Structures are given as structure tokens and as C-alpha cells.
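# Results of the structural survey
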Amino acid sequence: MTTVPIFINTNHRTAMVFNSSAADILRSEYRIVGSLAGCLQRSTCQNNQLGLPLMLRPEELTLLVELGVATTFDAKCLLTIPDEKQKEWFQGLRKESFKTQARHAFMEKKMQMNSLADNIVAGKLFKLSHPTIKKRKKQQRKLKHRLESTNAESRNAGGPKVVNFEGQVSTGVGSLENSNGDDQSTLSSLPQDSERRKPAPGTAAWEAMKEEIMPDLLERVEPLREEASMVTIYTENQYKNKLDLSTLEWPYPETATEKLKYKVFKSFWDQGYFLTTGTRFGGDFLVYPGKKGKLFAF
């Protein structure tokens with residue numbers, strides 16, 4: 001039988017479960033619902049949806065203790081200020097998390113590049129077969145930028161003003177039209193993207209190029225930067241195994257009223273019902289014939 005660690009505060013009669021697997025076991029195997037009391041890590045400024053810890057009613061914890069499922073610890077150990085040794089250990093834990101993320105990110109990048117290997121090889125072969133394409137595309141961008149700059153200067157000055165490629169300044173509508181026309185003709189003479197043709201895959205040159213360039217590209221994959229990694233926000237004290245955990249006896253129930261409430265709770269639980277707090281409706285319990293959220297209480 002799996003025992004669930006539960007931290008209790010005897011002064012306030014509260015019991016908390018911080019472990020997500022333990023909370024799932026209580027709900028799925030023992031029909032102990034409890035109530036979530038913590039804020040969600042990514043939505044801290046709202047209380048419509050809550051997260052761990054799971055708060056247990058006194059009756060719920062008493063039942064778990066009777067069943068031998070719960071191990072109760074003093075919650076005071078969780079409130080101690082960490083010392084330098086604990087801080088160092090926690091920083092090491094974050095570094096291990098970063099290493100794991102970096103390893104998975106590198107593997108994912110390699111898989112992505114391998115899936116695009118054919119496109120990468122096609123681009124490399126095209127550049128080798130057209131050695132001047134890069135130079136021509138750079139010239140094409142310069143001409144476009146020069147045309148845009150000329151038109152902008154013309155509008156700002158209130159009239160046509162053209163700077164030709166020799167650095168001479170000329171004015172007049174005819175000069176602007178002639179200059180734009182010459183540049184446009186030069187642009188049209190340059191190769192366009194639609195003229196590019198990829199070699200057919202499957203050839204010997206294709207496969208040889210693929211075996212040659214892909215290992216080099218995979219070696220140059222940039223590793224994940226630490227500032228770009230995700231930071232794990234824990235809902236459970238990761239240092240708890242190194243803390244001095246002292247077990248406590250759960251004193252509930254003590255009074256006649258508490259004993260009566262527990263007998264009522266256990267009677268309904270033995271019949272297979274799910275029970276939650278009924279304080280919102282002026283009662284002690286809400287009884288559900290099935291899982292809360294799927295059926296109404298009665």
C-alpha cells in the first residue's frame with residue numbers, strides 16, 4: 001500500500017498535500033476530494049482556478065490515518081529559512097534542469113534539420129551551380145533601395161530630385177522618369193526567384209553533397225542559451241528528503257461534535273459517495289453520487 005506524505009499544522013487543524021501524484025492517488029483511489037488552495041504558477045493574479053497544495057478536511061485526514069494511507073509530518077519544517085548548503089543544492093538542481101532542456105533542444109534541432117536535409121542540399125547545389133547569384137541578389141537589393149530613397153527625397157523636397165549612379169544630382173520630371181526607367185530595366189535584367197531550379201534528388205551528386213554538408217551543419221547547431229531556458233517552479237519542497245521530518249499524531253476528533261461529524265462522513269464514504277465541504281451552502285458536507293463536476297450533490 002502506497003503511503004501519502006501529509007504535512008499538518010495542529011494549531012490550525014489543517015492538512016496539506018504538496019505532491020501531485022499523491023493528490024491524484026487520494027482522489028482516484030480513495031475518493032478523498034479535498035480542496036485546492038494554491039495559485040497557479042502562470043496565473044497568479046486570479047482565484048477562479050487553483051492548484052497545489054491540496055487542503056484536506058479533518059475528517060478526510062482522520063479516515064486516511066485509519067486506513068493506514070497517510071503519514072503525517074509537522075509542517076513547521078517547511079517554514080525554515082534555507083541555509084547556504086540548501087541554496088547551493090537548489091542551484092545545482094536548476095543547472096541539471098537546464099542541461100536536460102539543452103539536450104532535448106539540441107536533439108529536436110537535429111531532427112528538424114534532418115527532415116529538411118533535401119531542401120538544404122538543393123540550396124547548396126544551386127549556389128554552387130550559380131556562383132554569381134549571391135552577388136546579383138545583393139545588387140538587386142541595392143537598386144531597389146536606391147529607387148526608394150530617390151522617390152522619398154523627391155517627395156520631401158517638394159519636387160523631383162534624382163541621384164544617378166555616378167553621384168551627380170539632377171532635377172526635373174524627365175530626369176526622374178529616365179533614371180527610374182533605367183533602374184527598372186536593370187532590375188528586370190537580374191535573375192528573379194522564380195528562375196531558380198532545384199536539381200532532382202536521388203542523383204549521385206545529390207547524395208554525395210548530402211553526406212558532405214549535413215554533418216558539418218549539425219556540428220554548428222547553436223546550443224540552448226541559459227537565459228532562454230525555462231525555469232521550473234516547484235509546488236513541492238525538493239529538499240524535503242534532506243530535512244529533519246518529524247511525524248506527528250493527528251488529534252482529531254476530540255469533542256463529541258467532532259466525533260459525530262466524523263461518523264457521518266465515514267458512513268457516507270463507506271457507501272461509495274464523494275464528499276466535499278458544505279460551508280458555502282450552510283452545511284457540513286456536500287454528498288455526490290459520483291465524481292464532483294460530473295454529477296450534482298444531494
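Look up a bit, the structure's there.
These figures come from a predicted structure and were not determined experimentally. (Residues numbered from 1 in each chain as written. Predicted model: local features only at pLDDT ≥ 70, side-chain atom pairs only at ≥ 80, totals over all residues. Heavy atoms only, no water.)

## Let's talk about the pattern of salt bridges
When the charged atoms of two side chains with opposite charge come close together, those side chains can pair. Basically, it comes down to this: What counts as a salt bridge is simple: a side-chain nitrogen of Lys or Arg found within 4 Å of a carboxyl oxygen of Asp or Glu. Runs of H or I in DSSP of at least four residues are treated as helices and runs of E of at least two as strands, each being numbered from the N terminus. Three exposure classes are used, based on accessible area relative to the maximum for each residue type with a 1.4 Å probe and protein chains only: buried under 20%, partly exposed in between, and exposed over 50%.
Per the counting criterion, the structure on display carries 8 salt bridges. When the shortest N-O distance is used, the salt bridge between Glu254 and Arg13 registers 2.8 Å. Residue Glu254 is found in the loop between helix 7 (204–219) and helix 8 (256–270), and its partner Arg13 is found in the loop between strand 1 (4–9) and strand 2 (14–17); the two are separated by 241 residues along the sequence. With a relative accessible area of 46%, Glu254 lands in the partly exposed category.

## Notes on the environment of Gly38
Within the element layout of this structure, Gly38 appears in strand 3 (residues 35–39). Take Gly38: its relative accessible area is 8%, and that puts it in the buried class. Along the backbone, Gly38 and Gln49 are 11 residues apart, and their C-alpha atoms lie at a distance of 9.1 Å.

## Looking at the side chain of Glu258
Looking at the element boundaries, Glu258 is found in helix 8. Among the residues examined, Glu258 registers a relative accessible area of 17% and is labelled buried.

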